[in-house]
Amino acid sequence: MATTTETKSATHQSAGSSLLEDALNHVRAAGRRLGISQGMQKLLETPERELSVALPVEMDDGRLEVFHAYRVQHSRLRGPAKGGVRYHPNVDPDEVRGLASLMTWKCALLDLPYGGGKGGVTVDPSKLSRRELISLTRAYAAALVPIIGPHVDIPAPDVNTNDATMGWFVDEYERQVGRFEPAIVTGKPIALGGSEGRGESTGRGVAHVAKQAMDRLGIPVEGARVVVQGYGKVGSDTVRFLREFGVKIVAISDVSGGIYNPAGLDIDGINEHVANHPKRLLEGYSGDNVTWISNAEVLTLDCDVLVPAALEGQITVENAADINAKLIVEGANGPTTGEADTILAERGIKVVPDILANAGGVVVSYFEWLQGLQGERWKLDDVRVRLDERMSTAVGQVFERAKAEGVSLREAAFLIAVERVVLAARLRGYSSAE
Ligand code: NAD
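Colleague: Explanation requested: the overall build of the protein in the structure shown.
Modeller: For the protein, the helix and strand inventory stands at 15 helices and 12 strands. Its C-alpha atoms give the protein principal-axis dimensions of about 60 × 55 × 50 Å. Residue burial in the protein is summarised as follows: out of 434 residues, 58% are buried. For the protein, long-range pairs separated by at least 24 residues make up 68% of all intrachain contacts whose partners lie at least 6 apart in sequence.

Quick look at the structure:
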């Protein structure tokens, strides 16, 4: 894999390398405040293990294609690596490294017995048939067999992958190792050992965290104007659960563009349209007097809460001064760059960081893993109650730490997470200096 320095020397910094750099900066800032040693800092910054593979796939027309794929295990100090698998044309080694690092801090913040990992394949899955996607996923699972396992590294869905992808993945893994191993991935179809409530969990968590943050910041929830960028798994479930709290969804967007109605969108009508669209997109929606706007315009709309739930690097130095929200709740991983974070802080806009806001997915992944290891099935209500409890605990800890130390919510979240990982390293005998 290319080194960070090599990648940075390219004339254009990719969203992936910027995500990695920002993640490193957050960890460095926490390390400085906690007074950890240089050696420990290096340990926290350096991925423990990286795999880079070429996946040969025979396409439907008989051509042989070769796809680049990665898996990074950033840290396993607190438990097996945990993190999703992304299929996207922009996947590169630095993006996967940055996302793997975020998983370490997210799992530590939520006090889950996991480290952090992430995987990705550089591919535009919308151009592949179902058969080609199954072949690609099987090739990826087979390539990962030597470095993953239910107590080593446990993948899950991320952008452009879902429960179906995890079903193909678990099947290939089980074929390769010759035994049933449902705890090898989470986010599986329920019929193959998935958990009730896993599909909705990230969005449910985002909505609950948003509500608690609004309560704590004195933003009235009933009727609050909310904008959500990205209408995939995370964005659509965030909208679903936020509506239960009585907010008004004024704009949503996906890769095909954004729709806006200051009086509130007809979400049921939109969901029906998306369900019937061949690619599950907003494209072509014409109901309820909506105005079509660009994704750039979506981000700067006047609103109470903005939820970026698409991809990284959306709120940048270019648009941070134009953001018109009181509160940003990061549904996506790394949607706000470090420079933008500083501008938002100066403007008094609060940001609930990704490692807290979107942690609901990995919390229920943990529940799914436990069920897989124990052969149990938990009821949806039990999953939801336990998820809400875990999220509320973490929200309380982050807000209290931010207040006590006079730092941002992101700085507080990283302080808690880094402290926990450093403790694990010390107890494992890596360093007595900390
Ligand atoms: P997804 O593939 O289901 O949805 C992504 C959405 O973003 C789609 O609606 C897509 O059209 C839209 N999109 C893509 N490019 C866009 C652009 N330039 N502008 C506006 N919209 C755009 O993926 P997802 O699982 O919902 O993941 C979204 C984000 O949440 C990612 O950052 C992911 O890492 C993060 N996340 C996902 C989970 C999970 O459980 N799936 C958990 C934690 C964090």
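Colleague: What should I look at first to understand the confidence of the model for the protein in this one?
Modeller: Atomic detail in the predicted coordinates should be set aside for any region of low pLDDT. Looking at the protein, the pLDDT average stands at 95 and 97% of residues meet or exceed 70. Here residues 1–12 is a poorly scored stretch, pLDDT under 50, and it has 17 contacts once near neighbours within four places are set aside; other chains count.

Colleague: Which parts of the structure should I look at to understand the sheet that holds strand β11 (residues 327–329)?
Modeller: Paired through backbone hydrogen bonds, the strands of a sheet run either parallel or antiparallel to each other. Spatially, 7 strands are ordered β9-β8-β7-β6-β10-β11-β12 in an open sheet, and the strand pairing comes out mixed. Either end of the sheet is taken by a strand with one partner, and the two such strands are β9 (291–293) and β12 (350–352). Geometrically, the sheet is characterised by an average inter-axis angle of 20 degrees between neighbouring strands, direction not taken into account.

Colleague: Would you mind showing me how to read the packing of aromatic side chains here?
Modeller: To describe a pair of aromatic rings, you give the distance between the ring centres and the angle between the ring planes. Counted by the stated rule, this structure contains 6 aromatic pairs. Centre to centre, the rings of Tyr 114 and Tyr 366 are 5.8 Å apart; their planes meet at 90 degrees, and the pair counts as edge-to-face. With a gap of 252 residues between them, Tyr 114 in the loop between α4 (93–109) and β4 (116–122) and Tyr 366 in helix α13 (residues 360–374) connect regions that are remote in the sequence. The burial state of Tyr 114 is the same as that of Tyr 366; both residues are buried.

Colleague: Can you help me understand the environment of Glu 95 in this one?
Modeller: Looking at the element boundaries, Glu 95 is found in helix α4. As a C-alpha pair, Glu 95 and Ile 219 span 124 residues in sequence and 34 Å in three-dimensional space. Ignoring anything within four residues of it in the chain, the contact list for Glu 95 reads Gly 16, Leu 19, Arg 86, Asn 90 and Glu 312. In terms of polar contacts, Glu 95 uses its side chain to reach the side chain of Arg 86, at 3.1 Å.

Colleague: Even after reading the chapter, I still don't get the site of the ligand, so can you show me in this structure?
Modeller: Taken together, 23 residues sit near the ligand, with Arg 86, Asp 158, Thr 202, Val 234 and Asn 333 positioned nearest. Contact distances for the ligand include 3.0 Å between an oxygen atom and a backbone N or O atom of Tyr 231. Residue Val 255 places a main-chain N or O atom 2.9 Å away from an oxygen atom belonging to the ligand. Alone, the ligand offers 830 Å² of accessible surface; in the complex the protein occludes 87% of this. Mapped onto the shell around the ligand, the elements with two or more residues apiece are α7 (198–217), α8 (233–244) and β7 (248–254). Its residues placed into classes, the shell around the ligand shows 8 nonpolar, 10 polar and 5 charged.

Colleague: Looking at this structure, I do not really get helix α3 (residues 38–45). What am I missing?
Modeller: Think of an α-helix as turning once every 3.6 residues; residues three or four places apart then point the same way. The complete set of buried residues in α3 reads Met 40, Gln 41 and Leu 44. The buried side chains of α3 occupy one side of the element, clustering within an arc of 105 degrees when seen end-on. Across from the buried face of α3, at angles greater than 90 degrees, the exposed residues are Gln 38, Gly 39 and Lys 42. Of the surrounding elements, those touching the buried residues of α3 are α2 (15–34), β2 (64–75), α4 and α15 (409–427).

Colleague: What exactly am I supposed to notice about the side chain of Glu 132 here?
Modeller: Along the chain, the position of Glu 132 falls in helix α5 (residues 130–144). Buried within the structure, Glu 132 lacks any salt-bridge partner; Arg 131 is the closest side chain of opposite charge, at an N-O distance of 5.0 Å. From its side chain, Glu 132 meets the backbone nitrogen of Asp 60 in a polar contact 2.8 Å long. Excluding residues that lie within four positions of it along the chain, Glu 132 makes contacts with Val 57, Met 59, Asp 60 and Lys 127.

Colleague: I tried to follow the pattern of salt bridges on my own but got confused; where do I start?
Modeller: If charged atoms from side chains of opposite charge come close, those side chains can pair. Under the defined criterion, the tally for this structure stands at 35 salt bridges. Salt-bridge contacts for Arg 240 lead to Asp 237; the nearest nitrogen and oxygen are separated by 3.5 Å. You can see Arg 240 and its partner Asp 237 sitting in helix α8, 3 residues apart, about one turn around the helix. What makes Arg 240 partly exposed here is its relative accessible area of 36%. The shortest N-O distance in the salt bridge between Arg 410 and Asp 354 comes to 3.8 Å. Placement of Arg 410 in helix α15 and of Asp 354 in helix α12 (residues 354–357) is noted, with a sequence separation of 56 residues between them. For Asp 354, a relative accessible area of 3% translates into the label buried. Overlapping salt bridges, with partners in common, bring together Arg 86, Glu 95, Lys 118, Asp 158 and Glu 312 in one network.

Colleague: Got a minute to help me understand the nonpolar core in this structure?
Modeller: Burial of nonpolar side chains together is a common tendency in soluble globular proteins. Residues Leu 44, Trp 105, Leu 109, Ile 252, Ile 270, Val 329 and Val 352 are the most contacted members of the largest nonpolar core, which totals 85 residues. Considering every element that reaches this core, the biggest residue donor is α15, with 12 residues. In terms of nonpolar packing, the next biggest core, distinct from the first, is built from 27 residues, Leu 136, Ile 147, Tyr 173 and Val 185 among them.

Colleague: What is the right way to look at the sheet that holds β4 in this model?
Modeller: Strand order in the open sheet formed by 5 strands is β1-β2-β4-β3-β5, with mixed pairing between adjacent strands. Each edge of the sheet is formed by a strand with only one pairing partner; in this case those strands are β1 (49–58) and β5 (153–157). Neighbour-to-neighbour, the strand axes of the sheet open up by a mean angle of 20 degrees, direction not taken into account. Summarising the sheet, β1 and β2 pair through 10 bridges and their orientation is antiparallel. Looking at the pairing, Val 57 lines up with Glu 65 of β2.

Colleague: Would you take a moment to explain unusual backbone geometry for this structure?
Modeller: Most peptide bonds adopt trans geometry, and most residues besides glycine take a negative phi value. Positive phi outside glycine occurs at Asp 111, with the angle close to 60 degrees. In this fold, Asp 111 is placed in the loop between α4 and β4. A relative accessible area of 45% places Asp 111 in the partly exposed class. The phi dihedral of Arg 280 is positive, around 55 degrees, even though this residue is not glycine. Mapped onto the fold, Arg 280 is located in the loop between α9 (267–276) and β9.

How each quantity is defined
- Residues numbered from 1 in each chain as written.
- Predicted model: local features only at pLDDT ≥ 70, side-chain atom pairs only at ≥ 80, totals over all residues.
- Heavy atoms only, no water.
- Helix = DSSP H or I, 4+ residues; strand = E, 2+ residues; numbered from the N terminus.
- Buried < 20%, exposed > 50% of the residue type's maximum accessible area, 1.4 Å probe, protein only.
- Contact = heavy atoms within 4.5 Å.
- pLDDT = per-residue confidence, 0-100.
- Pairing = 2+ DSSP bridges.
- Axes fitted to C-alpha atoms, helices over the stretch in contact; angles between N-to-C directions.
- Phe/Tyr/Trp six-rings, centres within 6.5 Å; stacked < 30°, edge-to-face > 60°.
- Polar contact = N/O pair within 3.5 Å; in protein donor to acceptor, adjacent residues only side chain to side chain.
- Near = heavy atom within 4 Å.
- Areas by Shrake-Rupley, 256 points an atom, 1.4 Å probe, with all protein chains shown as cover.
- Nonpolar A, V, L, I, M, F, W, Y, C, P; charged D, E, K, R; others polar.
- Arc of directions from axis to C-beta.
- Lys, Arg positive; Asp, Glu negative; His and termini not counted.
- Salt bridge = Lys/Arg side-chain N within 4 Å of Asp/Glu carboxyl O.
- Core = buried A, V, L, I, M, F, W, Y, C linked by side-chain atoms within 4.5 Å.

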